[in-house]
Amino acid sequence: MRSWLARTRVRLTLAYAIVFATVAAAAATGTWFFLRSTELNSVDASLSAQAQALASGIDDQNGHVTFQGGDTLPGQTPAGIAISALILDASGTVLDASGSTLRSDAVASLVGPTLSQGSQTATVRSGGITERFLTQPLSLAQGQRAVLVVGRPIDEVQDTLTRVGLLLLLTVAGLTLVGSGLGYWLAGRALRPVRVIAATARDISEHDLHRRITLGLPPDELGELAATFNDMLARLEASFEGLRRFTADAAHELRAPLALLRAEAEVALSAPRSSYEYRQAIETMLDEVIRLARMADQLLLLARADAGALGVQCVDVELARVVDESMTRWRPRAVAHGIRLVEDAGRDVVTADPDLLRRVLDNLVDNALRHTPDGGRIAVSAHAAAGVCTVIVEDSGPGVSPDLRATLFERFTRADVARQRETGGAGLGLSLVAAIVAAHGGSVRVENTTSGGARFVIELPSGARAGAADMLHPVS
């Protein structure tokens, strides 16, 4: 039972039924009270007319008060309803009576209010009969005051109100049942898209993420839910596709150096070799091990970035010092190929992770060296202003084609052969740059220079303090 009541459709139906029943009951109650007021007003109007006729014919002779002509009221109305009238003095004593017998004690409590406040009406149930009374003050001779009481039973009115009340009660109950059934059906229709979405979500696996919700819903809340679910599926499909592509690319990249290591080892062990040949084989294997270690390090950093655990440790960093350290590391390789390195870094102080900032510069310079022809030029500039640190690395290579820019920062993406002076790396350097920049809350973009080379522009938010380098400790 509890699980059934916990269903959204049932809860919606119950809420609708409660609201509908409350409104219907309020309307029925208002109708019943309106009918009661109308009926009593009609009775009071009839009693008032009778009272006016009786008051005009009262005979007061020497303190003896009677209705003119004796019993002036018939015993019953044409509808068969008994009517009666009394004249009471200020003490409640009956001075005269007309029509059916009317008990004076039933209206004695109205004498005082009538004399002090004017005409009164009241409904009194006495002796199993419900009667409606109207009292009216009278001014008699010699300053004597009395009260005229006119009354009639209203059992037929009470019976009518009872029947109408029962009819209204049955009507409210019937309408509530019908409305609840209609609400249950409408709730089921309204929640059908939700059931379809839930069933689709249960059935979807990683092998059919291409499926979508196609219900033709209007742009309302349920339509927005279906669209959001489809967007989520699209993101999951893209993520799984990227993961599959990443796994395939990583396996491909790891297979080549491992195959080379195996081949070198097999060749070295296939026959006796000289010490020089063994040394060459070991050096080749060492180069491949270094390449594998670098790739593993890059993949580890990317995995940490994906998990949001890159661990950015921001401290005050002098831009000129970080740039100079990076250029010093790459200068021997540049000189070997006749490439000129140019640096332009101010003595600005920014807040960043120095180790990650060095890795960004190393990857960008390494990328530039791979794609700059011999005798070319690489320029690195870094400045901070207005809370933004801007790092620019540009080369004199062939630039980046427009088709490649959209995917240049994706993993295992390599430029075309025309941009590669050597065999190149694994295609993880620029994706690692993008991940580090994103972890700092910055942005990176690539564009071509006017001379055709590539320019990488990095912008990092930082509380820069120009000219504050003298305040720093050496960057570790």
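The structure displayed is predicted, hence computed values, not measured ones. (Residues numbered from 1 in each chain as written. Predicted model: local features only at pLDDT ≥ 70, side-chain atom pairs only at ≥ 80, totals over all residues. Heavy atoms only, no water.)

Quick notes on empty space enclosed by the protein
Stated formally: Within this scheme a cavity is a closed region of a 1 Å grid, computed over the protein atoms alone, that accommodates a 1.4 Å probe without allowing it to escape, whereas a pocket is open but has protein on both sides within 12 Å along at least five of seven lines; lining residues each have an atom within 4 Å of a point. Grid points are joined across faces, edges and corners, and a volume is the space filled by probe spheres set on the points. Helix and strand definitions here come from DSSP, where helices need a minimum of 4 consecutive H or I residues and strands a minimum of 2 consecutive E residues; each element is numbered from the N-terminal end. Any residue that is not Ala, Val, Leu, Ile, Met, Phe, Trp, Tyr, Cys, Pro, Asp, Glu, Lys or Arg is counted as polar, Gly included; the first ten are nonpolar and the last four charged.
Scanning the entire structure with this criterion turns up one cavity of 30 Å³ or more. Approximately 40 Å³ is the volume attributed to the largest cavity. The wall of the largest cavity is formed by L357, V360, I436, V437, H440 and L460. Listed by contribution, the elements that provide at least two residues to the lining of the largest cavity are helix 8 (354-371) and helix 10 (429-439). When its residues are assigned to classes, the lining of the largest cavity shows five nonpolar, one polar and no charged.

Regarding the packing of aromatic side chains
Rules: In this analysis, rings of Phe, Tyr and Trp, with Trp reduced to its six-membered ring, are considered paired at centre separations within 6.5 Å, and the interplanar angle assigns stacked below 30 degrees, edge-to-face beyond 60, and tilted for intermediate values. Whether a residue is buried, partly exposed or exposed follows from its accessible area with a 1.4 Å probe, protein chains only, as a fraction of its type maximum: under 20%, in between, or over 50%, in that order. In this scheme, Lys NZ or Arg CZ marks a charge over a ring once it lies within 6 Å of the ring centre and within 35 degrees of the ring normal.
All chains considered together, the criterion is met by two aromatic pairs. Between the aromatic rings of W32 and F33, the centroid separation amounts to 5.0 Å while the plane-to-plane angle is 90°, which identifies the pairing as edge-to-face. Classification of W32 by relative accessible area gives partly exposed; the value is 24%. Positioned over the ring face of Y184 is R9, at 3.8 Å from the centre of the ring.

Thoughts on the sheet that holds strand 5 (residues 120-126)
To be explicit about the condition: Only strands that DSSP links by at least two bridges are regarded as paired with each other. Every angle, taken between N-to-C directions, lies between 0 and 180 degrees, and every axis is a line fitted to C-alpha atoms, over only the stretch in contact when it is a helix. Contact between two residues is taken to exist if any of their heavy atoms lie within 4.5 Å; hydrogens are not considered.
Here five strands make up an open sheet; going across it, the order is 4-3-7-6-5 and the pairing antiparallel. Only two strands of the sheet have a single neighbouring strand rather than two, namely strand 4 (94-99) and strand 5. Strand-to-strand twist across the sheet, computed as the mean angle between neighbouring axes with direction ignored, equals 20°. Judged from the five bridges that link them, strand 3 (residues 84-89) and strand 4 form a sheet pairing that is antiparallel. Following the sheet pairing, A85 is matched in strand 4 by S98. Contacts from helix 2 (residues 8-55) reach strand 3, strand 5, strand 6 (129-139) and strand 7 (145-153), with the element oriented near 40° to strand 6.

Overview of the sheet that holds strand 13 (residues 443-448)
With mixed pairing, the five strands of this open sheet are ordered in space as 9-11-12-14-13. Looking along the sheet, the strands with just one partner apiece sit at the ends: strand 9 (340-345) and strand 13. Across the sheet, the axes of successive neighbouring strands diverge by a mean angle of 10°, strand direction being ignored. In this structure, strand 12 (residues 388-395) lies alongside strand 14 (residues 454-461), joined through seven bridges in antiparallel fashion.

A look at the confidence of the model for the chain
Where we set the bar: The pLDDT value tells you how sure the predictor is about a given residue, anywhere from 0 up to 100.
Scored by pLDDT, the chain comes out at a mean of 80, with 86% of its residues at no less than 70. Long-range and interchain partners of residues 416-423, a stretch whose pLDDT sits below 50, account for 24 contacts in this model, where long-range means more than four residues apart. Counting interchain partners and residues more than four positions distant, the pLDDT-below-50 stretch residues 464-476 has 31 contacts.

Side note on helix 10
Of all 11 residues making up helix 10, eight are buried, and the element is well covered by its neighbours. Those residues of helix 10 that sit buried are G429, L430, S431, L432, V433, A435, I436 and V437. At the C-terminal side of helix 10, G441 shows a positive phi close to 80°.

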